[in-house]
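Summary of structural features
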Amino acid sequence: MRGWIASELRPHAPSWERAGSFPDSVFGALAAQGWLGLKYGPAADWVADAVLCEELARCGSGGVAAGIGAHVGIATPPIARFGTEWQRERWLVPAIRGEAIGALAITEPDAGSDVASLRTRAVPVDGGWLVSGAKTFITNGVRASFYLTAVRTGGAGHGGISFLVIERGDGVRASPLRKLGWRASDTAELAFDEVFVPAEHLLGELDRGFALIMANFQWERLLMALGAVGAMRRGVEEAVAGLPSRPGGYGGAARAAVAELAVRAETGAALTYHALRRFLDWREAGEAAGDEAFGRGSAVREVTMAKLLTQRASFEVAESVLALLGPDDAGERERAVRDARLGPIGGGTDEIMREILGRMLVG
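These numbers come from a predicted model, not from an experiment.

Here we look at the overall build of the protein chain
When its secondary structure is counted, the protein chain shows 12 helices and 8 strands. For 363 residues, the compact-globule formula gives about 21 Å, and the C-alpha radius of gyration of the protein chain, at 20 Å, lands near that figure. By its C-alpha atoms, the protein chain is 75 × 45 × 40 Å across when sized along the principal axes. When each of the 363 residues of the protein chain is scored for burial, the buried share is 53%. For the protein chain, contacts bridging at least 24 residues in sequence account for 77% of all contacts bridging at least 6. When the accessible surface of the protein chain is summed, it comes to about 15,700 Å², and 54% of that surface belongs to carbon and sulfur atoms. The averaged location of the 44 negative side-chain charges in the protein chain is 4 Å from the averaged location of its 39 positive side-chain charges.

Description of the state of the cysteines
By the definition in use, this model includes 0 disulfides. As a non-bridged cysteine, C53 has C59 as the owner of its nearest cysteine sulfur, 11 Å distant. C53 sits in the buried class, given a relative accessible area of 15%. Note on C59: relative accessible area 1%, which makes it buried.

A short note on helix α5 (residues 62–75)
When the local axis directions of α5 are compared, the greatest deviation, roughly 35 degrees, occurs at G69. The element α5 is extensively covered by neighbouring structure, given that 13 of its 14 residues are classed as buried.

With respect to the pattern of salt bridges
In the structure shown here, the tally under the stated rule is 20 salt bridges. Here E266 and R233 are joined by a salt bridge, their closest N and O atoms 2.9 Å apart. You can see E266 sitting in helix α9 (residues 252–284) and its partner R233 sitting in helix α8 (residues 209–242), a full 33 residues away along the chain. A single salt-bridge network, built from bridges that share partners, covers R2, E55, R58 and E237.

Section: the pairing of strand β5 (residues 161–167)
Most of β5 sits inside the fold, with 6 of its 7 residues counted as buried. Pairing of strand β4 (residues 146–152) with β5 involves 7 bridges; the strand directions are antiparallel. The residue bridging T149 from the neighbouring strand is L164, located in β5.

Overview of unusual backbone geometry
Backbone geometry at F137 places phi at a positive 55 degrees, although glycine is not the residue there. Among the secondary structure elements, F137 is positioned in strand β3 (residues 128–139). Exposure remark for F137: the relative accessible area of 57% places this residue in the exposed category. Backbone geometry places D207, a non-glycine residue, at a positive phi of 65 degrees. For D207, the position within the fold is in the loop between β8 (202–203) and α8. Here D207 falls in the partly exposed class, since its relative accessible area comes to 26%.

Some points on the environment of L52
If you trace the backbone, L52 turns up in helix α4 (residues 46–56). Separated by 167 residues in the primary sequence, L52 and W219 have C-alpha atoms spaced 14 Å apart. Beyond its immediate chain neighbours, meaning those up to four positions away, L52 contacts M1, W35 and L38.

As for the nonpolar core
Within the largest apolar cluster, 25 residues are counted, with the highest numbers of intra-cluster contacts made by I106, V115, F146, L148, F163 and I213. Elements supplying a minimum of two residues to this core: α5, α7 (85–96), β4, β5 and α8. Per element, the largest residue contribution to this core is 5 residues, and it comes from α8. Excluding residues that lie within four positions of it along the chain, F163 makes contacts with L104, I106, L148, T149, A150, H201, L202, L203, G209, L212 and I213. Core analysis: the next-biggest nonpolar cluster, separate from the first, contains 22 residues, F27, A31, L38 and L56 among them.

Notes on the environment of S61
Along the chain, S61 falls in the loop between α4 and α5. Residue S61 is classed as buried on the basis of its relative accessible area, which comes to 3%. Separated by 120 residues in the primary sequence, S61 and G181 have C-alpha atoms spaced 9.2 Å apart. If sequence neighbours within four positions are ignored, S61 has contacts with A13, E17, A184, R335 and D339. Here the side chain of S61 touches E17 through a polar contact of 2.6 Å, side chain to side chain. Here the side chain of S61 touches V64 through a polar contact of 3.2 Å, landing on its backbone nitrogen.

Rules behind the numbers
- Residues numbered from 1 in each chain as written.
- Predicted model: local features only at pLDDT ≥ 70, side-chain atom pairs only at ≥ 80, totals over all residues.
- Heavy atoms only, no water.
- Helix = DSSP H or I, 4+ residues; strand = E, 2+ residues; numbered from the N terminus.
- Rg over C-alpha atoms; globule rule 2.2 N^0.38 Å.
- Buried < 20%, exposed > 50% of the residue type's maximum accessible area, 1.4 Å probe, protein only.
- Contact = heavy atoms within 4.5 Å.
- Areas by Shrake-Rupley, 256 points an atom, 1.4 Å probe, with all protein chains shown as cover.
- Lys, Arg positive; Asp, Glu negative; His and termini not counted.
- Charge placed at Lys NZ, Arg CZ, Asp CG, Glu CD.
- Disulfide = S-S within 2.5 Å.
- Bend = angle between axes of the 7 residues up to and from the residue.
- Salt bridge = Lys/Arg side-chain N within 4 Å of Asp/Glu carboxyl O.
- Pairing = 2+ DSSP bridges.
- Core = buried A, V, L, I, M, F, W, Y, C linked by side-chain atoms within 4.5 Å.
- Polar contact = N/O pair within 3.5 Å; in protein donor to acceptor, adjacent residues only side chain to side chain.

This is the structure we're talking about:
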């Protein structure tokens with residue numbers, strides 16, 4: 001994977017960053033390697049999927065890694081786990097082939113980490129629902145052919161949320177967003193204007209969408225931690241390689257700084273791999289997910305710790321590498337800092353991670 005990413009993705013990162021996107025053919029190329037469905041089917045290999053996520057951090061563009069990761073690690077797992085056979089054939093199979101691209105649509109202009117406050121409404125009609133509302137900061141939002149969309153089908157709070165798979169078409173408008181980092185990532189604001197969604201597009205149980213969100217968050221946050229580990233290790237390697245050409249050379253202070261970066265990277269890796277083992281053990285044991293994932297036997301505590309530790313650390317490592325070596329001609333070091341800044345925000349902010357962890361530790 002590392003070799004393929006180095007030869008097939010990294011050389012294109014500068015041009016894709018300038019263009020503000022990368023071609024859909026990247027998904028087809030990954031599918032040809034068999035890497036879009038690593039954790040599905042009789043030969044499922046979740047560890048291989050974790051390796052892919054960590055190695056994608058070496059592609060030279062956080063936006064490219066995010067676009068691939070959103071499709072592989074966020075949009076397709078709920079269909080595999082909660083979807084009917086018909087739903088898996090309609091959306092998961094073409095997604096694994098790279099023929100269809102998915103996006104997860106939860107965040108709204110007024111409801112980010114506070115999922116219970118989402119307002120996008122699905123009104124029941126004959127044969128399905130009419131959906132109206134808005135979503136924002138949706139990765140793969142412009143290019144996606146289907147959206148796993150959190151909607152309100154019941155009353156206020158967690159209990160009235162459901163998931164509908166909405167296909168791109170009439171009444172769906174996607175507008176690209178400009179961002180500080182992740183510039184090659186297709187990130188969009190979505191608007192749904194009385195979009196008819198057939199009844200068979202309901203994913204999981206009616207009004208039980210919050211459980212689906214919680215079940216998916218563990219893997220999403222693990223993938224973010226793995227990506228941060230990959231980025232930190234790449235940063236340490238660059239710092240070690242770049243010290244000989246640094247003004248002032250190896251100096252004791254520079255060596256000490258690199259030593260600290262290496263410790264941070266490997267501390268993050270140790271905690272993240274521990275969380276991964278806990279997650280895989282919990283999953284293999286068949287413990288309940290969703291709301292019950294906060295109970296005994298789940299990996300929420302370890303995953304939350306890993307996500308919280310690695311995201312800020314990854315940003316600080318990227319910032320330190322830039323300070324040690326200075327800007328490079330290709331602008332990659334500056335890009336690494338911009339891209340890493342999303343980590344403490346996406347997938348649940350640091351504040352939310354502390355709140356979850358604090359409740360688990362002290363009630």
